[in-house]
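Each chain is listed here by its residues.
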Amino acid sequence: MPSFERLHSLGVLLLLAFCLGACSSNKPAPKTVVPPPAPKKTPSQDQVRRNNISFFLSRAEQALRKGHLTQPAGASAYDYYLRVLQLQPDNSKAETGIQTIVVTYVERARDALRRRDFGEVNTLLKRAEMLAPANPLVAEVRTQLVRERGRAQLDLPQGEVIGLPAGELTARSAGLVEQLQRVAGRIRSEQLRVIIVARSDAEGRWVYQQLREAVPGYRVRGDIKVGNPAKLILIKPSGGAP
């Protein structure tokens, strides 16, 4: 049998081992060190400028598709292209976009000229000239407008001219209807011919209808010509037909 001293020593060793194990298990776990967040990268001024250019070009294309060429102010294709050119004066897309707007106005002016709507032609050319004062296409149509206006004046016979106010004609106002009724009475009593100059054929037919309805049973003799400004030309019987 082991001696008492041996047993005592063994017990001391076991007690020490137990204490060491308990002490080691109670040690706090090491703290996890969390690195600080990386600072956000601020875009450079050049990157901001490029982003703005891309944004305005996109908005300009959207406005073009909607037909917003120069209106509404501040949200038209032309306004967005101007903003691009302020950021980058030699931007080819913006320059081409403005040229597209000018060509669109010129083509609309050509179409109005074929309809002999001279007032609309002049309005469209003025818009194009504001964007491109020296554009040769605009100058070409402007020359055609002057020539066609001269021809239209030569085509009209001589007679008493009665102007038809554009605003009242567009609104087909009661005041204009009364004016046409009075003129119809003169046409019947004086046996006059009438040349109706209107901005469109439909507008001319409406004027003729008012004249005809004002004198039931009487055939108003005359003709309709498309031109601007709108007016009536009253021709006496001795003047002959145009």
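What this report covers is the structure whose coordinates are included nearby. Predicted model, so just to flag it, every value in this text is computed and none were measured.

Attention shifts here to the sheet that holds strand β3 (residues 222-226). In a beta sheet, neighbouring strands pair by backbone hydrogen bonds and run either parallel or antiparallel. Within the open sheet, the 4 strands sit side by side as β1-β4-β2-β3. Their pairing is mixed. Where the open sheet ends on each side, the last strands, each with one partner, are β1 (160-163) and β3. When the angles between neighbouring strand axes are averaged without regard to direction, this sheet yields 20°. Relative to β3, strand β2 (residues 193-198) runs parallel, the two sharing 5 bridges.

Cis geometry marks the peptide bond from Gln71 to Pro72; its omega dihedral reads 0°. Within the element layout of this structure, Pro72 appears in the loop between α2 (45-65) and α3 (77-87). You will see that Arg172, though not glycine, has its phi angle at about 50°, which is positive. Residue placement: Arg172 occurs in the loop between α7 (166-171) and α8 (174-190). Residue Arg172 is classed as partly exposed on the basis of its relative accessible area of 42%. The phi torsion at Gln191 lies on the positive side, around 55°, for a residue other than glycine. Tracing the backbone shows Gln191 in the loop between α8 and β2.

Below, the discussion takes up the pattern of salt bridges. All told, the structure shown has 12 salt bridges when counted by the stated rule. One salt bridge in this structure joins Asp46 and Arg50, with 2.0 Å as the shortest N-O distance. Separated by 4 residues within a single helix, Asp46 and Arg50 lie in helix α2, roughly one turn from each other. Accessibility expressed as a relative area gives 40% for Arg50, which makes it partly exposed. Between Arg115 and Asp111 there is a salt bridge, with the nearest N and O atoms lying 3.4 Å from each other. Each member of the salt-bridge network shares a partner with another, and the members are Asp111, Arg114, Arg115 and Asp117.

Here we come to the packing of aromatic side chains. Under the counting rule described, the total for this entry stands at 2 aromatic pairs. For the pair Phe56 and Tyr80, a centre-to-centre distance of 6.4 Å together with 20° between the ring planes defines the contact as stacked. Linking Phe56 in helix α2 with Tyr80 in helix α3, this pair joins segments that are 24 residues apart in sequence. Here Phe56 and Tyr80 have matching classes, each one buried. Here the aromatic residues Phe55, Phe56 and Tyr80 are joined through ring pairs into a cluster of three or more.

Let's shift gears to the environment of Val220. Mapped onto the secondary structure, Val220 falls in the loop between α9 (201-214) and β3. You can call Val220 buried: its relative accessible area is 3%. In this structure the C-alpha to C-alpha distance between Val220 and Ile187, which are 33 residues apart in sequence, comes to 7.4 Å. Not counting chain neighbours up to four residues away, the residues in contact with Val220 comprise Ile187, Val194, Tyr208, Leu211, Arg212 and Val215.

Tyr81, Ile101, Val102, Tyr105, Val121 and Leu125 are the most contacted members of the largest nonpolar core, which totals 32 residues. Elements that contribute at least two residues to this core include exactly α2, α3, α4 (92-114), α5 (118-131) and α6 (136-155). Looking at this core element by element, the count peaks at 9 residues for α4. Ignoring sequence-local partners within four residues, the contact set of Leu125 consists of Ala109, Val138, Val141, Arg142 and Leu145. The next biggest cluster of nonpolar side chains, apart from the first, holds 21 residues, and it includes Val194, Val215, Tyr218 and Leu232.

Glancing now at a positive patch on the surface. A contiguous patch of positive charge, built from Arg59, Arg65, Lys66 and Arg83, is present on the exposed surface. Relative to the helices and strands, Arg65 is located in helix α2. For Arg65, a relative accessible area of 65% corresponds to the exposed category.

Let's shift gears to α8. Taking 1.5 Å as the rise per residue, α8 with 17 residues should run 24 Å; its terminal C-alpha atoms sit 24 Å apart, in good agreement. Considered for burial, the residues of α8 that qualify are Leu176, Val177, Gln179, Leu180, Val183, Ala184 and Ile187. Across the axial projection of α8, the buried residues extend over an arc of 155°, all falling on one side. With respect to the buried face of α8, the exposed residues turned more than 90 degrees away are Ala174, Arg182 and Ser189. Contacts from the buried residues of α8 go to β1, α7, β2, α9 and β4 (231-235). Positive backbone phi, at 55°, marks Gln191, one or two positions downstream of α8.

Conventions used here
- Residues numbered from 1 in each chain as written.
- Predicted model: local features only at pLDDT ≥ 70, side-chain atom pairs only at ≥ 80, totals over all residues.
- Heavy atoms only, no water.
- Pairing = 2+ DSSP bridges.
- Helix = DSSP H or I, 4+ residues; strand = E, 2+ residues; numbered from the N terminus.
- Axes fitted to C-alpha atoms, helices over the stretch in contact; angles between N-to-C directions.
- Buried < 20%, exposed > 50% of the residue type's maximum accessible area, 1.4 Å probe, protein only.
- Salt bridge = Lys/Arg side-chain N within 4 Å of Asp/Glu carboxyl O.
- Phe/Tyr/Trp six-rings, centres within 6.5 Å; stacked < 30°, edge-to-face > 60°.
- Contact = heavy atoms within 4.5 Å.
- Core = buried A, V, L, I, M, F, W, Y, C linked by side-chain atoms within 4.5 Å.
- Patch = residues over 30% accessible without salt bridge, like charges linked within 9 Å, V, L, I, M, F, W, Y side chains within 5 Å.
- Areas by Shrake-Rupley, 256 points an atom, 1.4 Å probe, with all protein chains shown as cover.
- Lys, Arg positive; Asp, Glu negative; His and termini not counted.
- Charge placed at Lys NZ, Arg CZ, Asp CG, Glu CD.
- Expected span 1.5 Å × (residues − 1).
- Arc of directions from axis to C-beta.

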